[in-house]
Every structure is written in C-alpha cells, then in structure tokens.
Amino acid sequence: MNENEKNPLLNMQRIMQESKELSEASANEMGESSPEKKVKKERTVNARLKHEQGTKKTTGQKKSSEKDKKSENGSKDSEENKPTEKKQTKKTASKKVKPIESTKEDVVSNESQNPDTKKNKARYVGPADKNVPSLAEQVSSILMENTNKKRRGRAAKKSNKKVKIIPLGGLEQIGMNITAFEYDDSIMVVDCGLAFPSDDMLGIDLVIPDITYLKDNYLKVKGFCITHGHEDHIGALPYILKQLNVPVYGTRLTCALIEKKLKEHQIDDTAKLHIVKYGDTVSLGDFKVEFVKTNHSIADAASLAIFTPAGTIFHTGDFKVDYTPVFGDPADLGRMAEIGKAGCLAMLSDSTNATRPGFTMSERTVGKTFDLIFAEHRDSRIIVATFASNVDRVQQIINTAYKYDRKVVVEGRSMVNVIGTAAELGYIDIPEGTLIDIDHLKDYPLEKTVIITTGSQGESMAALSRMASSIHRKVEIVPEDVIIMSSTPIPGNEKAVSKVINELSMKGAEVIFQDTHVSGHACQEEIKLMYSLLKPKFALPVHGEYRHLMAGKGLAEAVGIPSENVLIMSSGDVVELSEDSCKITGHVEAGGVFVDGLGVGDVGNIVLRDRQSLSQNGIIIVAMSLEHGTNRLLSGPDIVSRGFVYVRESTDLMNEASAVVREAVADCLHARITDWSKIKNVVRDSLSEFLWKRMKRNPVILPIIMEIH
C-alpha cells in the first residue's frame, strides 16, 4: 500500500487536482481533432490509475484475457498519437476503470461487450465526446444509487409484510384458548378450546369461543393446528366444526382424543383430521407450520413454529421443560435453538405459571410420592383424583398399584375415554390383570384396590363429588379410605375443591394433597430459557389471567427484550406484526358462547341476568282474568310465590299484594287503558314498589292475564 492509499485526505486532494488538470487539458486542445482529444483523456486516466496502483500493471492486469491485452495495446498506440477508431477508444476507457471495485468492474465489462444493455445499468458513463467525470464523482454516483435502491427495497419489503394475530380467547382467563393468524387471503388457527363456567353462570355447562370473525372470513380459513389434547385446547372443536368444517392438524394422541369427541357429536365422518409427526411442516395458504416436540402433562404435546411472509412466529403452547418424562422424549430444545438462530420475529409464550419462581419439577417426582403413600397405607383403600387427560400421572398410579399388588378401577366417563384411547395407541402400559371393572370392585378386599377417578376440581357431577355427597351408585366412602388429590385447583375452583375435601373429611376419610402434583406448565426459569433459545424480537404473553400476562411481560424484559417490544393483548384485539413493529390496530367480536344442554348460544347475558335475579330474589306470578272488550276484572288476582316467601306463613302479605294489584287494574280501567302490555307494566311497577317498601326485596314479577268472553 503506497502513501496515498494510507492517507485518504491526500488521496482525495490528488484526485481533485488531476480532475482539474484533465479539464484544463481539454480546454487547451479544443481546436485539435477528436481522436487527439480522446487520446489525451485516456493518457490522463491511465496516468491516474498508474499513480493509484503504484505500478504499471497490477496482478489483475497480468491475468487478464487476450481481449484485455489487445485493448491495452490499443491504448499504448494511442499514447504514441496513432489514430484509433471511436468505438475502440470507448472500450479502452472502460477497461481502465475496471480496477476501482470488483462489482463495478463487472458492470463496466458487460457494458463494453454489449452496448445495448447500457440503458439498464445503474452506472453513469459519459459519452466519448464530452468530459469524463472525475473518479470521485463516479464513485459517489454509484454509492448513492446503490444506497437509494436498498432503501427503496427495504421500504417496499416492510410495507408489504404484515401478519395479523387475533386472539379470540385464552387471555385474561384460564381456558378457551384459540388464536387466529392472518396474512392476505390466509387464516390459520391455533387450538380451539372451551372454558368451564364460573359461579355466576347459573345453569351453564360449557363456554366456547365466539368465532363470528372466522365465519365472516370463512373462505380464508385454511385449518386448525392443535398443540395438545387438553379440554381447554380441543373441547370446542365439535361445536366449531359444525359451523366451520376445515382441516384439523395434530399429533397422534391429540387427533385420537379429538376423534372420540367428534364421534359423540356424530360428525366424525365429515371432519377432516390429519395426524402430524414432530418435525413435519404443514402448508396452510401463506403459512407453513412446523410441529416441535415439547413436554406437558399430556403426551404428544407440541409447540408450533409458524413461518410467515413477515418472519417466524413461535407459539409455545402449554409447555414445561422435563428432562425425564414418563413417556416419550424430552422437549426438542435443539430445534428451538435452530429456529432462534435462523431468526424469530415473535414468540407467544405460555404464562400460566409465570408468577412462580424456579423450575417445574419432573413428572417422575410424583411417582416417588405415590410409592411412599402406598407403602404407609397398606391396610386402606386408596382413591386418587386427577385430571382425566394426565396420562403420565395415571401410568405412575398403575405402576405403583401393580408394585403393591392392588387392582385398579378407572371411574368417570372422561377418565375411561382418555385411558382407553391412550391404551389403544400404546401411550400407557397396563399390566395384564391389573385393571378391573367397577362392578367387580366388591369382589376384592378394600385394601387391595385403587380407584382412579375424576373430580379433582370439585365439579359437582364428577365421580369424586358424587362419592363425597353419598350419591354415587357403586362407591361409598368409609372412614378407612385414603383420598389423594393429585392436582391443584384451577383459579376460580378453590371453593368447590374445598367443599369436596370437607365432605370427605366429615365421612372420616384421610385426604392427602401435599406433594401429590406437579404442574404441566413452565415456571419462570423455563420461560426465560425459552426466550433465550428463540431470541424473539417481540414477545406476546398468552394463556393466563391478566396478572399472569403481566408476570410474563416482566420475564421477557428480564432476558433483554425491550419493554416497547412486549405486548399485552386482550381477547378480540387485532395485532399487526411486521419486521419492525408490533401494535394493536383494531378489535373484532370475541368472547364466550354459552352451552346449556343441547342449546348453543341460545342463553345470553339477559337470560343469565334473569337467572341470577331468580336465584337471589325469587319470583312472584300474578294471574287474573279480564272481561273481553271492557277489561273488567272477573277473577283474581291469584298470587303464586317461588323463592320469595313461604305463602302459608305470609298470608297477610299476599292479601295486601292482591289488593295492590286490584287497585292497579282499576286505575287502568279508569284511564281507559286497553293494551294488555301496558296493564302488565302498571301491575308490575305497583307490586314491585309495594314489596320493596315492605320487604326490601326485588323479586321477578310475572303478570299473566287471561281473557274471558
């Protein structure tokens, strides 16, 4: 490297000086012939290049082609004032600019070989009969054009690549998980679960998500991808597929559990179920979805890597990091790291246990607790209540029962369905002769039996609740029984669980609930590990109440994700995600649809409000007969009370209420009111005011008018 190359300032001064000399030389020889002017320009350019390189020929010039050598010889002839053709001179000038930069060299070389392509090149080359731009001007022009092209390309790319994330459930609550991803004319949906009713949802059996948005965009919906087989992720599918029959993709056990539900609803023949293996990629319109192995409290759980035009979105599903699972392999952390290394735009992370520090214990630790309990209670019948879908937990109970030579009874419809399906597919191993039917329970001594049952969440109609209430037809709790509650209450179910435990304790049974359960959800350190592996640019906590989502946000910030890149969503929010932004841009209709018996959606907020009023204040029915045409009161009013007061002990109150109704009807007749709806309103208002003054209660008042001709 010569001295000029070491000092950029001197180099630029030299270039400007030579440009000035070139301009002066051109002005001095205006009267000479055109070929001579070209020769002097070329001589100046050649001298400049030689001065820059420090030698007459560079290594690149020594290795040039025969064609380059001829051009070089042509330029030497020009230096000796020999006439040359115009075309040849132009080519020589181009060749001498080649060593500036390799990319520029290709552009100039192609241009000299094929002059017709000159219009398509992003490089300025002056005509031969005018002044040649200085080297600095040429370099500046090229760099500016390349920069502008890159900026235009990036702007176009960012403006066109936006993916919408629309959670239709699963936020600010436990359960009913469902999230839609949309790009242009493609929508794919992750999970489709249900939620169990809260205490104020009187008479409601289930709550399923409102999919009005999906029905309005039916032609865009390409399919459902299911992460695992829990009710809060698959329970609503039988109801939704009746309205939106699109393909469903899931792992082997997940699809088997879904198929069992579809058979109960008699739509298994029309549904489109597809079994996916770990590592497989499913194409759903503009989306490609890869199923990645993870661990949870049910086998065949998967996380989803969703490859979109805007970037890769990773959905963890419900997960934990279990290095010693009871069934199958540990989570595929290696593949997750590969996805993170390739670039992860956003991650939707399970936040159910985001408030719990540390790591979630392995499922195998529960097996050790079972072994200790069985060893200490050899003379008692053992009843274990757990989640029906926790196949690994059931496997460990069966293993311990077999070790201590006990027979096992599986009780509860959902428990029987799940265990039967898992046994058929080989996800659970039941030693021969261990499992017996509940009808044969009486044939064995109590201390030689184990009952695995549902009802760990205090559900009123579950098997354990019926045993505690002494309404189970085949199992009766006795004082020597040992009840193991192998679960923790879902938020909102604490009262129901406490009620069941109290009823069992009143019957003399021993209830054990310490160290008998490990969660299937990741605690704080595992969530941090997931963020560290995926390295997402944006974080969107999901699956949990608001306090869980806020804790998930704190974990994302703790591992280095900027606060402005962490977004807390609500059900129905429309989140637009692009390469450099993640923001809420709108809202769609979302919420819960109530299932009451065979009715889906026919019970709304108004009906629930009436049910709550009935449960709190009771009802009064006022029946009377009016004469046709005159509205004269012929009989009644007869007052019937349900849930308000006991009529036989409140005769005076009922008589006074009847008098208030007669007076109200007389006022209507005097005012010549003939519309029955108005008469009913007057009766309802008068009686309601009277009862509030006397009793400070507001029962539901239902007037009934019969017409007599």
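All of the points below concern the structure found in this document.

What counts, and at which threshold
- Residues numbered from 1 in each chain as written.
- Predicted model: local features only at pLDDT ≥ 70, side-chain atom pairs only at ≥ 80, totals over all residues.
- Heavy atoms only, no water.
- Pairing = 2+ DSSP bridges.
- Helix = DSSP H or I, 4+ residues; strand = E, 2+ residues; numbered from the N terminus.
- Axes fitted to C-alpha atoms, helices over the stretch in contact; angles between N-to-C directions.
- Contact = heavy atoms within 4.5 Å.
- Salt bridge = Lys/Arg side-chain N within 4 Å of Asp/Glu carboxyl O.
- Buried < 20%, exposed > 50% of the residue type's maximum accessible area, 1.4 Å probe, protein only.
- Left-handed = near helix turned anticlockwise from the far one by under 90°.
- Nonpolar A, V, L, I, M, F, W, Y, C, P; charged D, E, K, R; others polar.
- Core = buried A, V, L, I, M, F, W, Y, C linked by side-chain atoms within 4.5 Å.
- Phe/Tyr/Trp six-rings, centres within 6.5 Å; stacked < 30°, edge-to-face > 60°.
- Lys NZ or Arg CZ within 6 Å of the ring centre and 35° of its normal.
- Patch = residues over 30% accessible without salt bridge, like charges linked within 9 Å, V, L, I, M, F, W, Y side chains within 5 Å.
- Areas by Shrake-Rupley, 256 points an atom, 1.4 Å probe, with all protein chains shown as cover.
- Parallel < 35°, antiparallel > 145°, perpendicular 65-115°, else oblique.
- Expected span 1.5 Å × (residues − 1).
- Polar contact = N/O pair within 3.5 Å; in protein donor to acceptor, adjacent residues only side chain to side chain.

**Comments concerning the sheet that holds strand β2 (residues 178-183)**
Part 1: Read across the open sheet, the eight strands follow the order β7-β6-β5-β3-β2-β1-β19-β20; overall the sheet is mixed. If you trace the sheet from one side to the other, it starts and ends with β7 (273-275) and β20 (582-587), each paired once. On average, each strand axis in the sheet is inclined to that of its neighbour by 25°, with strand direction left out of account.
Part 2: Relative to β7, helix α12 (residues 252-264) is tilted by about 160°, and along the sheet it contacts β6 (248-250) and β7.

**Looking at the pattern of salt bridges**
Part 1: Under the counting rule described, the total for this entry stands at 14 salt bridges.
Part 2: In this structure, the salt-bridge partner of Lys 474 is Asp 439, at a minimum N-O distance of 2.6 Å. With Lys 474 in the loop between α17 (463-468) and β16 (482-485) and Asp 439 in the loop between α16 (413-425) and β15 (449-453), this pair connects stretches of sequence that are 35 residues apart.
Part 3: Looking at Asp 439, the relative accessible area reads 37%, which means it is partly exposed.
Part 4: One network of salt bridges, in which partners are shared, links Glu 290, Arg 335 and Glu 338.

**Here we look at the packing of helix α14 (residues 364-376) against helix α15 (residues 391-403)**
Part 1: The contact between α14 and α15 brings their axes to 9 Å, and the two run at 35°. Here α14 and α15 pass one another in a crossing that is right-handed. Within the contact between the two elements, α14 uses Arg 364, Val 366, Gly 367, Phe 370, Asp 371 and Phe 374 and α15 uses Arg 393, Gln 396, Ile 397, Thr 400, Ala 401 and Lys 403.
Part 2: The residue makeup of the contact of α14 with α15, split by class, is five nonpolar, three polar and four charged.

**Some details on the sheet that holds strand β24 (residues 633-642)**
Part 1: The strand order across the open sheet formed by three strands is β24-β23-β25, and the pairing between neighbours is mixed. Among the strands making up the open sheet, the edge pair consists of β24 and β25 (700-708). For this sheet, the mean angle separating the axes of adjacent strands, direction not counted, is 15°.
Part 2: Of the pairings in the sheet, the one linking strand β23 (residues 619-627) to β24 comprises seven bridges and is antiparallel in character.

**Side note on the nonpolar core**
Part 1: The biggest cluster of nonpolar side chains holds 64 residues, and the ones touching the most others in it are Ile 178, Leu 214, Phe 224, Leu 237, Leu 241, Leu 244 and Ile 452.
Part 2: Leave out the neighbours within four places in its chain, and Ile 452 touches Val 384, Thr 386, Val 394, Ile 397, Ile 398, Val 408, Val 409, Val 410, Glu 411 and Met 415.
Part 3: Core analysis: the second largest hydrophobic core is formed by 33 residues, Met 188, Val 289, Leu 304 and Leu 577 among them.

**Some words on the pairing of β2**
Part 1: Of all six residues in β2, six are buried; the element is thus mostly enclosed.
Part 2: Where strand β1 (residues 163-169) meets β2, five bridges bridge the pair, whose relative direction is antiparallel. Within β2, the residue paired with Pro 167 across the bridge is Thr 179.
Part 3: Pairing analysis gives five bridges linking β2 to strand β3 (residues 186-190), with the strands arranged antiparallel. Paired with Phe 181 across the bridge in β3 is Met 188.
Part 4: Adjacent in sequence and paired antiparallel, β2 and β3 are bridged by two residues, among which Asp 184 carries a positive phi angle near 55°.

**So, the packing of aromatic side chains**
Part 1: Counted under the stated rule, the structure contains two aromatic pairs.
Part 2: Between Phe 327 and Tyr 427, the ring centres sit 5.1 Å apart and the planes meet at 45°, which makes this aromatic pair tilted. Here Phe 327 is found in the loop between β11 (311-315) and α13 (333-342), whereas its partner Tyr 427 is found in the loop between α16 and β15, with 100 residues between them in sequence.
Part 3: Classification of Tyr 427 by relative accessible area gives buried; the value is 8%.
Part 4: Seen in terms of ring centroids, Phe 374 and Tyr 404 are 6.2 Å apart; in terms of plane orientation they differ by 40°. Their pairing is tilted. One end of the pair, Phe 374, is in helix α14; the other, Tyr 404, is in the loop between α15 and β14 (407-411), and 30 residues separate them in sequence. Pair check on accessibility: Phe 374 and Tyr 404 agree, each one buried.
Part 5: Geometry around Phe 644 places Arg 697 over its ring, the cationic atom sitting 5.5 Å from the centre.

**Structural notes on a nonpolar patch on the surface**
Part 1: A contiguous nonpolar patch, built from Leu 702, Ile 704 and Met 706 and spanning about 250 Å² of accessible area, is present on the exposed surface.
Part 2: With respect to the helices, strands and loops of the structure, Met 706 is situated in strand β25.

**So, the packing of α13 against helix α19 (residues 524-534)**
Part 1: Where α13 contacts α19, the two axes come as close as 7 Å, and the packing angle between them is 50°. Viewed along their axes, α13 and α19 adopt a mutual orientation that is oblique. Two secondary-structure elements touch here, α13 through Leu 333, Met 336, Ala 337, Ile 339 and Gly 340 and α19 through Leu 529, Met 530, Leu 533 and Leu 534.

**As for unusual backbone geometry**
Part 1: Positioned with a positive phi, Asp 515 is a non-glycine residue whose angle comes to about 60°.
Part 2: You can see Asp 515 is positioned in the loop between β17 (510-512) and α19.
Part 3: The backbone phi angle of His 543 is positive, close to 60°, even though this residue is not glycine.
Part 4: Structurally, His 543 can be placed in the loop between β18 (538-542) and α20 (546-558).

**Some points on helix α22 (residues 651-670)**
Part 1: Between its first and last C-alpha, α22 extends 29 Å over 20 residues, near the 28 Å set by a 1.5 Å rise per residue.
Part 2: On the buried face of α22, the contacting elements are β23, β24 and α23 (676-695).
Part 3: Taken from the residues just after α22, Arg 672 is the one with a positive phi, measuring 55°.

**Some remarks on the side chain of Thr 453**
Part 1: Following the sequence through the fold, Thr 453 ends up in strand β15.
Part 2: Those residues within four positions of Thr 453 in sequence are excluded, and the remaining contacts are Ile 383, Val 384, Ala 385, Thr 386, Glu 411, Met 415, Ala 463, Leu 464 and Met 467.

**Notes on the environment of Ser 688**
Part 1: Here Ser 688 is to be found in helix α23.
Part 2: Through-space distance from the C-alpha of Ser 688 to that of Val 700 is 8.7 Å; in sequence the pair is 12 residues apart.
Part 3: In contact with Ser 688, not counting residues within four places along its chain, are Asn 698 and Ile 701.

**Considerations on the environment of Thr 212**
Part 1: Mapped onto the elements, Thr 212 comes out in helix α9 (residues 212-216).
Part 2: With relative accessibility at 22%, the residue Thr 212 sits in the partly exposed group.
Part 3: In this structure the C-alpha to C-alpha distance between Thr 212 and Gly 591, which are 379 residues apart in sequence, comes to 9.8 Å.
Part 4: Among the polar contacts made by the side chain of Thr 212, one reaches the side chain of Asp 210 at a distance of 2.5 Å.

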